[in-house]
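Now for the letters of each chain:
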Amino acid sequence: MSTLKQASGPAYTRIYSVGAARGENAVPNDDLVGPIDSSDEWIRQRTGIITRTRAIAETSVIELSTDAAKEAVERSGVDPAEIDLVIIATISNPKQTPSVAAIVADRIGATPAAAYDMNAACAGYAYAIAQADALIRAGAARHAVVIGAEKLSDVVDPTDRSISFLLGDGAGAVVIGPSETPGISSTVWGSDGSKSDLVGMNHTLTDFRDGKAPWPTLRQEGPSVFRWAVWEMAKVAREALERAGIEASDLAAFIPHQANLRIIEEFAKQLKLPVTTVIARDIETTGNTSAASIPLATHRLLEEHPELSGGLALQIGFGAGLVFGAQVVVLP
C-alpha cells in the first residue's frame, strides 16, 4: 500500500517588500462637517484626522489593489510567475463574486496562483498575514502577495456622526516568501461575535433590494468600540509580544490599525513603549481604511524612516465583529 505524501515547506517566512495605493483625492475635514453639524477642530481633537484619501468614482478596490500589488512585487524582486498565492483582505469587493484576488492575480501576472478574498474587516490584513505565513510553511505555496484594500467611501452616509468622517480609501500590499531566519511571529487572533452590533453595516443588501431599507452604510457605537480597543486589544498586543519572545523595548515600530489617533496614543501608553519606538500615525492624512490601514501605514513609515528596515514591528488589527489579530514582523 502506498504512503500518502504530505507537503511541507520552509521553516521561516518574512515580508520582502511593501506597496501602496491611496485614493486620488485628499478630503479635508471642512468638506464633511456640514451634514454632521461638526467642525474641523472637533474631528482633529477626537480622531487626529486632518484629511482622508478617497478614490474617484471610476476607481474600485480592484484598481487600488492592483496598483499596490504591482509596486510590492516590483520591489520584491520576485518574478510574478513565481507568486502562487494571492490573498486580499477586504469588505469592498464591488461584486460578491468573482473575488478581487483572482482578478488582481491575473493583472499582476501571477496566473494561475491560488487566489481568494477574506473578510475580517479591520483585522483582515493581520489575518491574511497569518494565513500566508502558515500556508508557505506548510508547503501549500512558495511566494504570496497579501493585500489589505478598501473603498469605504462607497459605504459612507455623509450625515452619520458615528464613523463616516473617519473613513478613507486605499490598498497596501506585501510580498511574503521563504526566509532563513524568523520574520513573522505566531499570530494572536480571535473574535467576539456577541458584540457584533457595536460596529458594522446597518442594513442588508437584500433589504435594500426589496425596498425595506436604504443603501447599507457603516455605523459604530464609538465609546464602546473605543473602550474595547484600548483595554482588550492592549492585552492581545502584550500576548503577541510574549509569543514572539520579545519585549516592548525591542520594537523599532508599532503599527496598529489606524482607527483613531486617540486609540493609538492610549495603546502606546498601555504598552509602555519606549520613546525609541516609532509609532505609525498614517490616519492623520489617510483616514481609517479598515483592512488597508496597517500595510498603508507600514509603507509610509518605511518611506519616512528607511532606517527601520530590518527592525521589529508589532502590528495589530481590530474591528467589526470584534475580530482581532496581532503579530510581530521584521520590516522589509
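Residues numbered from 1 in each chain as written. Predicted model: local features only at pLDDT ≥ 70, side-chain atom pairs only at ≥ 80, totals over all residues. Heavy atoms only, no water.

**Q** Mind showing me how you'd approach the overall build of the protein chain here?
**A** Along the backbone of the protein chain there are 9 helices and 14 strands. Taken over the C-alpha atoms alone, the protein chain extends approximately 70 × 50 × 35 Å along its principal axes. The proportion of buried residues among the 332 residues of the protein chain is 56%. Expressed as a percentage of contacts within the protein chain between residues at least 6 apart in sequence, the contacts between residues at least 24 apart total 77%. By element, 51% of the accessible surface of the protein chain is carried by carbon and sulfur atoms, the whole surface being about 14500 Å². For the protein chain, the distance from the average position of its 28 positive side-chain charges to the average position of its 40 negative side-chain charges is 4 Å. (Helix = DSSP H or I, 4+ residues; strand = E, 2+ residues; numbered from the N terminus. Buried < 20%, exposed > 50% of the residue type's maximum accessible area, 1.4 Å probe, protein only. Contact = heavy atoms within 4.5 Å. Areas by Shrake-Rupley, 256 points an atom, 1.4 Å probe, with all protein chains shown as cover. Lys, Arg positive; Asp, Glu negative; His and termini not counted. Charge placed at Lys NZ, Arg CZ, Asp CG, Glu CD.)

**Q** Help me out: how do you make sense of the packing of aromatic side chains in this one?
**A** Both the distance between ring centres and the angle between the ring planes are used here to describe each pair of aromatic rings. One pass over the structure, following the stated rule, counts 6 aromatic pairs. Summarising the aromatic geometry, the rings of Tyr127 and Trp189 are spaced 4.9 Å apart at their centres and angled 65° between planes, so their arrangement reads as edge-to-face. Here Tyr127, found in helix α4 (residues 124-137), pairs with Trp189, found in strand β8 (residues 188-191); they are 62 residues apart in sequence, far enough to count as distant. Note on Tyr127: relative accessible area 14%, which makes it buried. Each ring, one from Phe208 and one from Trp215, has its centre 5.2 Å from the other, and the planes form 80°; the classification is edge-to-face. Given a relative accessible area of 36%, Phe208 falls into the partly exposed group. (Phe/Tyr/Trp six-rings, centres within 6.5 Å; stacked < 30°, edge-to-face > 60°.)

**Q** Please clarify how the sheet that holds strand β11 (residues 253-256) should be interpreted in this entry.
**A** Within a sheet, neighbouring strands are paired by backbone hydrogen bonds and run either parallel or antiparallel to one another. Spatially, 5 strands are ordered β8-β14-β13-β11-β12 in an open sheet, and the strand pairing comes out mixed. The outermost strands of the open sheet, each flanked by one partner alone, are β8 and β12 (278-279). When strand β13 (residues 312-319) meets strand β14 (residues 323-330), the two strands line up antiparallel, connected through 8 bridges. Within β14, the residue paired with Gly317 across the bridge is Gly325. Contacting β8, β13 and β14, α4 crosses the sheet at an angle of about 55° to β14. (Pairing = 2+ DSSP bridges. Axes fitted to C-alpha atoms, helices over the stretch in contact; angles between N-to-C directions.)

**Q** So what exactly am I meant to see when it comes to empty space enclosed by the protein here?
**A** Empty space left among the atoms is revealed by rolling a probe the size of a water molecule over them. As enumerated under the stated definition, the model contains 1 cavity of 30 Å³ or more in all. Size it by volume and the largest cavity reaches roughly 30 Å³. Within the lining of the largest cavity, the residues separate by chemical class into 7 nonpolar, 2 polar and no charged. (1 Å grid on protein atoms, 1.4 Å probe; cavity = no way out; pocket = protein on both sides within 12 Å on 5 of 7 lines; lining within 4 Å. Points joined across faces, edges and corners; volume = space filled by probe spheres on them. Nonpolar A, V, L, I, M, F, W, Y, C, P; charged D, E, K, R; others polar.)

**Q** Please clarify how the environment of Thr206 should be interpreted in this entry.
**A** Turning to its location among the elements, Thr206 is positioned in helix α5 (residues 205-209). Among the residues examined, Thr206 registers a relative accessible area of 41% and is labelled partly exposed.

**Q** What is the right way to read the environment of Lys195 from this model?
**A** With respect to the secondary-structure elements, Lys195 resides in the loop between β8 and β9 (199-201). The class of Lys195 is partly exposed, set by a relative accessible area of 35%. Each C-alpha atom, one on Lys195 and one on Arg262, is 22 Å from the other, the two residues being 67 residues apart in sequence. For Lys195, the side chain forms a polar contact with the side chain of Asp192, separated by 2.9 Å. (Polar contact = N/O pair within 3.5 Å; in protein donor to acceptor, adjacent residues only side chain to side chain.)

**Q** What exactly am I supposed to notice about the packing of helix α2 (residues 61-76) against helix α3 (residues 100-107) here?
**A** The packing of two helices is summarised by the inter-axis angle and the distance between the axes. For the pair α2 and α3, the least separation of the axes is 9 Å and the interaxial angle reads 45°. Considering the angle they form, α2 stands oblique to α3. The chirality of how α2 crosses α3 is right-handed. Counting all contacts with α2, which are made through Val61, Ile62, Glu63, Ser65, Thr66, Ala69 and Lys70, the residues of α3 involved are Val100, Ile103, Val104 and Arg107. Each residue belonging to the contact of α2 with α3 can be placed in one class, and the counts come to 6 nonpolar, 2 polar and 3 charged. (Parallel < 35°, antiparallel > 145°, perpendicular 65-115°, else oblique. Left-handed = near helix turned anticlockwise from the far one by under 90°.)

**Q** What's the story with the layout of surface pockets in this structure? I'm lost.
**A** Counted as a void, the largest pocket has a volume near 740 Å³. Lining the largest pocket are 24 residues, with Ile91, Ser92, Asn93, Val155 and Leu205 positioned closest to its centre. Secondary-structure elements contributing two or more residues to the lining of the largest pocket are β5 (114-118) and β9. Taken together, the residues that form the lining of the largest pocket break down as 12 nonpolar, 8 polar and 4 charged. Forming the walls of the second largest pocket are 31 residues, and the residues nearest its centre are Ser162, Leu166, Gln220, Gly222 and Asn260. Sorting elements by how many residues they give to the lining of the second largest pocket places helix α6 (residues 222-244) first, with 5 residues.

**Q** I'm lost on α4 in this one. Help?
**A** Given 3.6 residues to a turn, an α-helix orients residues that are three or four positions apart in the same direction. For α4, spanning 14 residues, the distance from its first C-alpha to its last is 20 Å, which sits close to the expected 20 Å at 1.5 Å a residue. Most of α4 sits out of view: 11 of its 14 residues are buried. Looking at α4, one finds that the buried residues are Gly124, Tyr125, Ala126, Tyr127, Ala128, Ile129, Ala130, Gln131, Ala132, Asp133 and Ile136. Of the residues flanking the end of α4, it is Gly139, one or two places downstream, whose phi is positive at about 85°. (Expected span 1.5 Å × (residues − 1).)

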